[in-house]
Amino acid sequence: MATMTIRNIDDQIKARLRVQAAVHGRSMEDEARAILRAALSAEPVRGASLVKTIRARVAPLGGVELELPAREAMRTPPEFGA
């Protein structure tokens, strides 16, 4: 098992951790472990994709038509040889 040290924790956060640990009848270290385990055991909530979110926002307004500029031919890449 790996060891981890966390430095520079706010005094207010440390005090809240101490109180919460006491309420649960465990050490501050055990409480911190439990908090990390709970926070990292659940899958992150995935929202709708950005495209779907934008479309849902714009659709009631009738959409947006954008005039796209014509594409130009690709430039010839420079040669860095001798």
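Keep in mind it's a predicted model, so treat the numbers as computed, not measured.

Student: For this particular structure, what's the right way to read the packing of helix H1 (residues 11–24) against helix H2 (residues 28–41)?
Tutor: Any two packed helices are characterised by the angle at which their axes cross and by the distance between the axes. Following both chains from N to C, one finds H1 and H2 inclined at 95°, their axes separated by 9 Å at the closest point. Between H1 and H2, the crossing angle belongs to the class labelled roughly perpendicular. Across the interface between the two elements, Lys14, Leu17, Arg18, Gln20, Ala21 and His24 from H1 touch Met28, Glu31, Ala32 and Ile35 from H2. Along the lines of polarity and charge, the residues of the contact of H1 with H2 split into 5 nonpolar, 2 polar and 3 charged.

Student: Just checking my understanding: could you explain the environment of Arg26 for this structure?
Tutor: Its location among the elements puts Arg26 in the loop between H1 and H2. Measuring from C-alpha to C-alpha, the distance between Arg26 and Ala2 comes to 20 Å, with 24 residues separating the pair along the chain. Residue contacts for Arg26: discarding those within four places in its chain leaves Ala21, Glu31 and Ala34.

Student: Hey, could you run me through unusual backbone geometry in this one?
Tutor: The general pattern is negative phi for most residues beyond glycine and trans for most peptide bonds. The backbone of Asn8 sits at a positive phi, close to 60°, despite the residue not being glycine. Within the secondary structure, Asn8 is located in the segment before H1. For Asn8, a relative accessible area of 80% gives the class exposed.

Student: Whenever I open this one, a nonpolar patch on the surface confuses me. Can you help?
Tutor: A cluster of nonpolar side chains, namely Met4, Ile6, Ile9, Ile13, Leu36 and Leu40, defines an oily patch on the protein surface of about 630 Å² accessible area. Looking at where Leu40 falls in the secondary structure, it is placed in helix H2. Among the residues examined, Leu40 registers a relative accessible area of 69% and is labelled exposed.

The rules behind these values
- Residues numbered from 1 in each chain as written.
- Predicted model: local features only at pLDDT ≥ 70, side-chain atom pairs only at ≥ 80, totals over all residues.
- Heavy atoms only, no water.
- Axes fitted to C-alpha atoms, helices over the stretch in contact; angles between N-to-C directions.
- Helix = DSSP H or I, 4+ residues; strand = E, 2+ residues; numbered from the N terminus.
- Parallel < 35°, antiparallel > 145°, perpendicular 65-115°, else oblique.
- Contact = heavy atoms within 4.5 Å.
- Nonpolar A, V, L, I, M, F, W, Y, C, P; charged D, E, K, R; others polar.
- Buried < 20%, exposed > 50% of the residue type's maximum accessible area, 1.4 Å probe, protein only.
- Patch = residues over 30% accessible without salt bridge, like charges linked within 9 Å, V, L, I, M, F, W, Y side chains within 5 Å.
- Areas by Shrake-Rupley, 256 points an atom, 1.4 Å probe, with all protein chains shown as cover.
- Salt bridge = Lys/Arg side-chain N within 4 Å of Asp/Glu carboxyl O.

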